[in-house]
Structures are given as structure tokens and as C-alpha cells.
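Chain by chain, the residues:
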Amino acid sequence: MSFQNITWEVADGVGTLTVNRPKQLNALDVATLTEIGQALELARAEPGQVRAVILTGAGEKAFVAGADIAAMSRLGPAEASDFAALGHRTLDALEALPVVTIAAVNGFALGGGCELAMACDLVYASDKARFGQPEVNLGLIPGFGGTQRLLRRVGLMRAKEMIFSGEVYDAAAARAAGLCLDVVAPEKLLEHARAKARLIASRGPAALALCKKVMQRGADQPLPQALDGERTAFAGLFGGAEAKEGMAAFLEKRPARFPAP
Ligand code: DAK
């Protein structure tokens, strides 16, 4: 499949999706969101080939500077609703991907860009990264799930401060708030993300997919229900080849050879 606004490459079991509109600071329009969704479908369709996904932005300045304001300024209420639905669908698909997703935030991650990063499992940043939800400056509210994902990630009061003020956090402040994990030099960011992705990709894929599912679900569930989910998932693994191979490999003192899920 060929893309105009993104690139999609797979190497060593890791898919790298790069939003590639550097002149617009990688802003998200309908075509870009659609292509992101298509690349995620490719990743989902080939779980044996793609065992982790990295998202990043092209150029030195931006991860994704938000929804495309020029395109958005032309929308009426019905089209805005369609646009928000497309954004929700795309980010939901990202969050539900059965492989681990990593945002490598190389610059501005504002508005929809911050929301895109938050829909990933792990976020690493360069020291040039800037995070914010500046929608109120435009007379808008976050439209791709930001009001809800941000409070789950950084807590209600911090999320309110970020969204109400529209302030942009530098990488150190973002890390302190819990918006990203490690902060590294720009030239080291992709390799840092790839090293983590390769490590994760070497683990049992069915176990990873289940960990992701029960942790994500559990975060929104009462503890007893969440623990039920864990127990069911744990037991289910004993019916499959992956856990048998993982435990046999340990007992035989050899590396595990996990089959594709
Ligand atoms: N959209 C479109 N173009 C953008 C853009 C964006 N978000 N951000 C930057 N650009 C373009 C600029 O217009 C400029 O284009 P030219 O003038 O060269 O043609 C080019 O990228 C370079 O930008 P600057 O010249 O402004 O570069 P600076 O270094 O001076 O500033 C900046 C960088 C990131 C601080 C600045 O560009 C900026 O503030 N950008 C806007 C950031 C922003 O506000 N992002 C949030 C967007 S709102 C909803 C659905 C979705 C959403 C809301 C509701 N529903 C439907 C309910 C989501 C909203 C958002 O994400």
C-alpha cells in the first residue's frame, strides 16, 4: 500500500509509522488520519511480522502539531462531528492494537498530537519535545479524546491545568507530569525507542497482547472485576503453545522461540 502523508516501514519485527507532513508540522487532516488507520490495519493483519509499533513525526520540529487548523477552520458542525469521529476511531484503533505501541515524540506534540501520543502504550521524548493541549486558544476543546485520556494519564488537576491554560510543557515538565518516560537527545530518540521496541518484540506476543488488554480495561474497572479479567487471561494462556514454549525453554535452559500468535 502506498501512502502520501505518512511512511510505514517494518524491520526486525518493529513497524515505524512516521507522520510525514513536515511543512505543516505533521498536522492531522482527514487524509493523514485515514492513512494512519490504514497502516494500523496492516500492523494488525500481520501480527507475526509486526510485534511492536513506533509512531513519530518527520522533520526536526514536530511530532504532530495537532489537528490541521486550516482544514478544521472550513468545517461546519456536521463535518466537525465526522472529523472528531474519525479521530476517535483512529486513536481507539491505536489503543486497541494487540501489539505494544511507542510514541517517539521528537518535537511539538500539541492538541491532536498530544492525544495521539497518549493513545500509545509508552511515550519517549527528545529534549526538544513540547507537549500541550492548546485548543482553548482556538475556542475549541480537545476533540480526539484528550479531555479523558489526559486526566487518566496525569490526574484530574494536572489535566485541568494543562487544558484550561493551554500552556505548553517542555520535555522535563512533561516527564515530571507523567506524560512521557525517558527524555533523550534528539539524535538518540529513534534508536532509544527502537531498542525498547525490539526488546518488547522479543517477548511472548500472546502474553503481551493479553497484558495490554487487561491493563487497559482494568484501569477503568473496579479492582475485583479487573482481577477477574487477569485471572481469565492468565488461565487462557495455558491452553496455547506460547506459554508451553516459554516455560519449556526456561526448564531446558534455552531461549524461547515464540510462535506468531
Ligand atoms: N495545523 C495546520 N498547520 C499548522 C499547524 C496546525 N495544527 N501547526 C503549524 N502549522 C503550520 C503553520 O501554519 C506554518 O505554515 P506556513 O505558514 O509555513 O504555511 C507551518 O506549519 C510552520 O508553523 P509556524 O510558522 O507557526 O512555526 P513556529 O515554529 O513559529 O510555531 C507552533 C510552531 C507549533 C508553536 C505553532 O505552529 C503553533 O502554535 N501551531 C498550532 C498548534 C496548535 O494549536 N495545535 C492544536 C491544534 S487544535 C475536534 C477535533 C479535533 C480537535 C478539536 C476538536 N472536533 C471536531 C470536535 C483537535 C484540535 C487540535 O489539535
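Keep in mind the model is a prediction, meaning the values are calculated, not measured.

Describe the site of the ligand, and please don't skip the residues or the numbers.
With respect to spatial proximity, 23 residues lie near the ligand, and among them Lys 61, Ala 65, Ala 67, Ile 69 and Gly 112 are the closest. One of the side-chain nitrogen or oxygen atoms of Lys 61 is found 2.7 Å away from an oxygen atom of the ligand. Contact distances for the ligand include 2.8 Å between an oxygen atom and a backbone N or O atom of Gly 112. Across the complex, the protein chains shield 62% of the 1100 Å² of accessible surface that the ligand would expose by itself. Secondary-structure elements contributing two or more residues to the shell around the ligand are α2 (69–72), α3 (77–96) and β6 (108–110).

I'd like a description of the sheet that holds strand β1 (residues 6–11), backed by residues and values.
Spatially, the 6 strands line up as an open sheet ordered β1-β2-β3-β5-β7-β10, and their pairing is mixed. Looking at the sheet topology across the chains shown, the edges are occupied by β1 and β10 (183–184). Of the pairings in the sheet, the one linking β1 to strand β2 (residues 14–19) comprises 6 bridges and is antiparallel in character. Bridging from a neighbouring strand, Trp 8 pairs with Leu 17 of β2.

Tell me about unusual backbone geometry, and please be specific about residues and values.
Of all residues except glycine, most have a negative phi; of all peptide bonds, most are trans. A positive phi is found at Asp 12, a non-glycine position, where the angle reads about 55 degrees. Relative to the helices and strands, Asp 12 resides in the loop between β1 and β2.

An account of the nonpolar core is needed here, citing residue identities and associated values.
Counting 48 residues, the largest nonpolar core has Leu 17, Phe 63, Val 105, Phe 131 and Leu 179 as the members making the most contacts within it. Top element by residues in this core is helix α1 (residues 30–45). It accounts for 5 residues.

Pulling in residues and values, what's your account of the pattern of salt bridges?
One pass over the full model with this rule turns up 12 salt bridges. Linking Glu 41 and Arg 44 is a salt bridge whose minimum nitrogen-to-oxygen distance equals 3.9 Å. Of this pair, Glu 41 and Arg 44 are both found in helix α1, 3 residues apart, which corresponds to roughly one turn of the helix. Between Arg 254 and Glu 245 there is a salt bridge, with its nearest N and O atoms 2.8 Å apart. Residue Glu 245 is classed as buried on the basis of its relative accessible area, which comes to 14%.

The rules behind the values
Residues numbered from 1 in each chain as written. Predicted model: local features only at pLDDT ≥ 70, side-chain atom pairs only at ≥ 80, totals over all residues. Heavy atoms only, no water. Near = heavy atom within 4 Å. Polar contact = N/O pair within 3.5 Å; in protein donor to acceptor, adjacent residues only side chain to side chain. Areas by Shrake-Rupley, 256 points an atom, 1.4 Å probe, with all protein chains shown as cover. Helix = DSSP H or I, 4+ residues; strand = E, 2+ residues; numbered from the N terminus. Pairing = 2+ DSSP bridges. Core = buried A, V, L, I, M, F, W, Y, C linked by side-chain atoms within 4.5 Å. Buried < 20%, exposed > 50% of the residue type's maximum accessible area, 1.4 Å probe, protein only. Salt bridge = Lys/Arg side-chain N within 4 Å of Asp/Glu carboxyl O.

That's the geometry; what it means functionally is another story.
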